[in-house]
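So you can see what is in the structure, the chains are spelled out below.
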Amino acid sequence: MSPSQQRINFITGLLLIGPTHESLQAVFDLQPFRPAVNLSNPTIANISFTLYAVLGVNEKTQILTTFLWLRLYWHNEFLVWDPKECDGVTKISLPVKELWSPDIIVYEFVDDDVSQACPYVYVNHTGHIRWDRMLRLVSSCNLEIFSFPFDVQNCTFTFGSYMHTIRDVRVSPALPFKEMSLNSKRYLEASGEWELVDILGETSILKFGIDEWDIITFWVVVKRRPVLYVVNLLIPSSFLMLIDILSFYLPPHSVDRASFKMTLILGYTVFLLIMNDLLPSTANGTPIIGIYFSVCLALMVISLLETVIITNVLHHNSLKYREVPKWVRVVVLKHIANLICYRWPEDIQPPSTPQKDKPGNANGSSGPWIIQPASRAPDQHPVSNGTSALPELQQICQYLAELRAHLVSLQKESQLLDQWCHVGYVLDFLLFRIYLLIISCYAMVIVTMWPTDKYSAVVLGQGLVIVTIICHSDK
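Because the structure is predicted, anything quoted here is derived from the model rather than measured.

Rules and cut-offs
- Residues numbered from 1 in each chain as written.
- Predicted model: local features only at pLDDT ≥ 70, side-chain atom pairs only at ≥ 80, totals over all residues.
- Heavy atoms only, no water.
- Helix = DSSP H or I, 4+ residues; strand = E, 2+ residues; numbered from the N terminus.
- Buried < 20%, exposed > 50% of the residue type's maximum accessible area, 1.4 Å probe, protein only.
- Contact = heavy atoms within 4.5 Å.
- Areas by Shrake-Rupley, 256 points an atom, 1.4 Å probe, with all protein chains shown as cover.
- UniProt positions renumbered as here; feature names shortened; annotations may be inferred.
- Disulfide = S-S within 2.5 Å.

1. A few points about the overall build of the protein
Part 1 of the argument: When you go through the protein residue by residue, the secondary structure sums to nine helices and 10 strands.
Part 2 of the argument: Considering the protein as a whole, with its 475 residues, one finds that 39% of them fall into the buried category.
Part 3 of the argument: Look at the contacts in the protein between residues 6 or more apart in sequence, and 76% of them connect residues 24 or more apart.
Part 4 of the argument: Taken as a whole, the protein presents about 26700 Å² of accessible surface, with 61% of it coming from carbon and sulfur.

2. What to know about the UniProt feature "transmembrane region" (unreviewed entry) in the protein
Part 1 of the argument: What UniProt calls "transmembrane region" (unreviewed entry) maps, in this numbering, to residues 227-250, 291-314 and 430-449.
Part 2 of the argument: Here residues 227-250 runs as 83% helix and 0% strand, with 34 Å between its end C-alpha atoms.
Part 3 of the argument: Secondary structure content for residues 291-314 is 100% helix and 0% strand, while the C-alpha to C-alpha distance between its ends is 35 Å.

3. Points about the state of the cysteines
Part 1 of the argument: For the structure on display, the rule yields one disulfide.
Part 2 of the argument: A disulfide bridge connects C141 with C155, and the sulfur atoms are separated by 1.9 Å. Across the disulfide from C141 to C155, rotation about the S-S bond amounts to roughly -85°, and the bridge is consequently left-handed. You can see C141 sitting in the loop between β6 (128-140) and β7 (152-161) and its partner C155 sitting in strand β7, a full 14 residues away along the chain. Residue C141 shares its accessibility class with C155, and that shared class is buried.

Shown next as structure tokens:
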């Protein structure tokens, strides 16, 4: 019999009479060696954990920080005794540093564990050891932030031995994966930003060269609670967009609309700068909420551009008292007005199709938009009786002619201004409908691209309903 076998028999004989100080000291002396009588039999390590908290998610560095309650089981064949011989003692606690322990690590670990250490383990009379410890796990995770703040992250925790191959140490789950998930959901802090969806897992073998390692891979699926971001980002942005839509109800001939829209764009830009810290930043891609804010800002700029165009039509052309071109009357005042169901004032009828020149139609068109040229002042002819008119009467006639010409000119200017105003109103109504159509399509695309969630469906759905109601209302 070899000396090592004699030592094992001696230790086993001591443990059969109870865990005395002498017998335990003999076991402590074997701490560097794997506790197996037959070294060809691997030591089985059973692993289970409870996810207690998600401490942080760093999208830029792709790091997930969690806090776990880790429980590790293994069998020490040297620590076996008969409880009947030891006054019924079935379980004792021993310092873990005095015993051999499996070198189980998490392969995704990227930082040191700074959690409080647990220096003791429980050992029962059959030699099974239970080690409960706290683990602050800083692990790498491939974070997908495209659907932020309605994102769901799937991170992996791979447990396995660092040095011992499959011939020395085998790992297996201590509890069913479903039970680990239920325990974690029960104890996970409910006040945090993340909530646990599920914990899945499987056992597999890691091959590297000619060596093989036994590993357990856990998939921890967590979902972000989006209430904070909906309240602080989406709802204010939706309100600003709604105010931009309602600004079309301001009179288009008023310059206050343009200044109001410029102030709104400035306020939206300041809002984005303030809320920039709430948005995740990563080089892998841009979240859809960033695209959402950029498109909203672009829509506001387009709305301002539409106001500039309408203001130019109403002020630049009307102040110069230019005639409305024939094609503008046909395309804008007739076809486009009929297309968008433009409501004409009761005292004004829409222009009709231009007709050929007729004796009573000097301008070649009919309707209220015809402006007859002012007639020339009557010639001052000598009175038929051969006597010349009095100078006072001639001066009165000249004043009356000038007054008539001035009134006709004012009437013409008023009619021209009224024509250009209706051109601007029709174009403004058309561009407003197009703007609402673009916003409606954009809202539907956003709802489709973002995952189905009770918060996103409610908030974005309400916004879409508001836009649809405005679309069908009279401007």
